[in-house]
Amino acid sequence: MTGFNTLKRLLVFVKPYRLLFWVSALIAIIMAPLNAYLPYLANVMVDDHIMVRDLEGLKRISLWYLGALASLTFLRYSFTILTNTMGQNIIYDLRNKMYDHILSLRLSYFDKTPIGTNTTRVINDLETVNSVFSEGLITIIADILSLITVLALMFWTSVKLTLICLVTFPLLLVASYIFKEKVKHSFQRVRAQVARMNAFLQEHISGIKTVQIFAAEKRVAKKFKEINREYTQANLDGIFYYAVFFPVVEIISAASLGFMVWWGAQGVLEGVVTIGQLVAFPMYLSRLFQPVRTLADKFNTLQMGLVAGGRVFETLDTKEQTQDQGTIDQGDLKASLEFKQVYFGYRPDEYILKNISFRLEPGKTLALVGSTGSGKSSLISLINRLYEINQGSIQIGNHSISDYKIDFLRKRIAVVLQDVFLFQGSIYENMSLKNPEIDLEQVIAASKIIGAHEYIMNLPGNYNYQLAERGVNLSVGQRQLISFVRALLVDPDILILDEATSSLDTETES
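Residues numbered from 1 in each chain as written. Predicted model: local features only at pLDDT ≥ 70, side-chain atom pairs only at ≥ 80, totals over all residues. Heavy atoms only, no water.

1. Brief notes about the overall build of the protein
Okay, so step 1: Along its length, the protein carries 17 helices and eight strands.
Okay, so step 2: Taking 510 residues into account, the globule formula puts the C-alpha radius of gyration at 24 Å, and the protein, at 34 Å, lies well above it.
Okay, so step 3: Dimensions of the protein, computed from the C-alpha atoms along their principal axes, are close to 110 × 50 × 45 Å.
Okay, so step 4: Classification of the 510 residues of the protein by burial places 44% in the buried group.
Okay, so step 5: Carbon and sulfur atoms provide 59% of the accessible area of the protein, an area that totals close to 28,100 Å². (Helix = DSSP H or I, 4+ residues; strand = E, 2+ residues; numbered from the N terminus. Rg over C-alpha atoms; globule rule 2.2 N^0.38 Å. Buried < 20%, exposed > 50% of the residue type's maximum accessible area, 1.4 Å probe, protein only. Areas by Shrake-Rupley, 256 points an atom, 1.4 Å probe, with all protein chains shown as cover.)

2. Points about the sheet that holds strand 2 (residues 353–360)
Pairing between sheet strands relies on hydrogen bonds along the backbone, with the strands arranged either parallel or antiparallel.
Okay, so step 1: The four strands are arranged 2-1-3-4 in an open sheet whose pairing can be described as antiparallel. Looking at which strands have only one partner, the edges of the open sheet turn out to be strand 2 and strand 4 (399–400).
Okay, so step 2: Across five bridges, strand 1 (residues 337–344) lies against strand 2 in antiparallel orientation. Each bridged residue has a counterpart across the sheet, and for phenylalanine 344 the counterpart in strand 2 is leucine 353. (Pairing = 2+ DSSP bridges.)

3. Points about unusual backbone geometry
Across the chain, the bulk of peptide bonds are trans and the bulk of non-glycine residues have phi less than zero.
Okay, so step 1: One non-glycine residue, glutamine 341, lies in the positive phi region at around 50°.
Okay, so step 2: Note on placement: glutamine 341 falls in strand 1.
Okay, so step 3: Residue class for glutamine 341 comes out exposed when judged on its relative accessible area of 52%.
Okay, so step 4: Of note in the backbone geometry, leucine 433 takes a positive phi value of approximately 50° without being a glycine.
Okay, so step 5: Topologically, leucine 433 is positioned in the loop between helix 13 (427–432) and helix 14 (440–450).

4. Remarks on the nonpolar core
Okay, so step 1: Within the largest apolar cluster, 72 residues are counted, with the highest numbers of intra-cluster contacts made by Leu10, Met86, Leu94, Met154 and Leu288.
Okay, so step 2: Those elements that place two or more of their residues in this core are helix 1 (3–12), helix 2 (18–50), helix 3 (55–104), helix 5 (115–157), helix 6 (159–165), helix 7 (169–206), helix 9 (217–270) and helix 10 (275–316).
Okay, so step 3: Here this core takes 16 residues from helix 10, the largest share from any one element.
Okay, so step 4: Residues in contact with leucine 94, not counting those within four places in the same chain, are Leu10, Phe13, Leu126, Val129, Val312 and Leu316.
Okay, so step 5: Within the second largest apolar cluster, 22 residues are counted, among which are Phe344, Phe358, Ile380 and Leu382. (Core = buried A, V, L, I, M, F, W, Y, C linked by side-chain atoms within 4.5 Å. Contact = heavy atoms within 4.5 Å.)

And the structure:
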């Protein structure tokens, strides 16, 4: 995706905040001439009032100067607030849209995409996109307008002094271009290394138990140091380019000022340059070089924001959702479950399930027995459409499972897994999955049926006991009991147990 196409797509998100956008643009247009007006007032102050000893006129022009300065300060403050507010609101909308999209993707997407990559997209990349609005697009327009108005007033004040000042300007343009290109490559490396580091940390911190069991800490730490070193070096390269560029700009601007003073002083002695012009031109120069100095950085900011935006839209354009074209969303699933010549593989050319056919009547139980890797878990994942079959059909009653709305289908099927995932929060929140329709009394009743109530009441806070990430402060068996309560609270029509009692003692299992 090109930068221009990305920008067009980002601007669509500006629509709800059009007022902020246009007010910011209007302020940028007003600030440009006002910024150049201050040196002009200084010129008038010296030549028309100080040099002729007009104290009344000097008071009047000084008040104009202070008023213009106060107005410019207020406008800059407003501009910063408005652009950043707009940027944050746009990122809020984009982040919500992106998270909703990620939730809609089928499991096969997550099988091949590291979690850290999606984390980087939702957090880091979107923060970079924010800079397109807060520091990029409108601020670049504001700087360019300021540059044009300052140059126009400089030429209007004195053509010769302006031309002398611009002698070093080509050097500044060349330095700015080199800086822009170098920082762009450095920033791209930083973004790539951030994604790589996030993916590595997510994977190895989640698997810290395995790392420690196999005493792999040193190997993992060594690998992390390599990734961290590459990330640090990318940042150091960017710092180096900044450290070189800004002193170079200072030298170029100092040389321009030196040329101006040298020629201007001679002009004053010869009577072709006024004292006011000599006073005003250093102020013009600071307003001329300041936007040029920052433009290169802001173009980089804009460009990197568009690169990050391209990655965000790449994720948003991922078409790996399960097609929800079903129409049935009422009634129940208390009917026969039938597999008819089902073929399935995680890769189209490698089937792990071939020609599977069986029929299960309502109220009956079916046990699937097979060796590790034979496809038992894969088969049960097909029933609630976590994966899509390649051939054949799966029917509940007289309807294919694709005839049901996915949300309805999954609400009527409960799955209790061997590896239970618990979230940070209370036991009550994990059992009800924060469903407001499930109150504490229902949770307690279900826990008593399952046999989890007694151990929960012995915990500090009982049902408000706070679980750590993934519920590591509970035993595996206790976690499995919580998953059973989850399933019971749903009151499902179809119950699937995937080695769900593997960590329970015999009495609790029965």
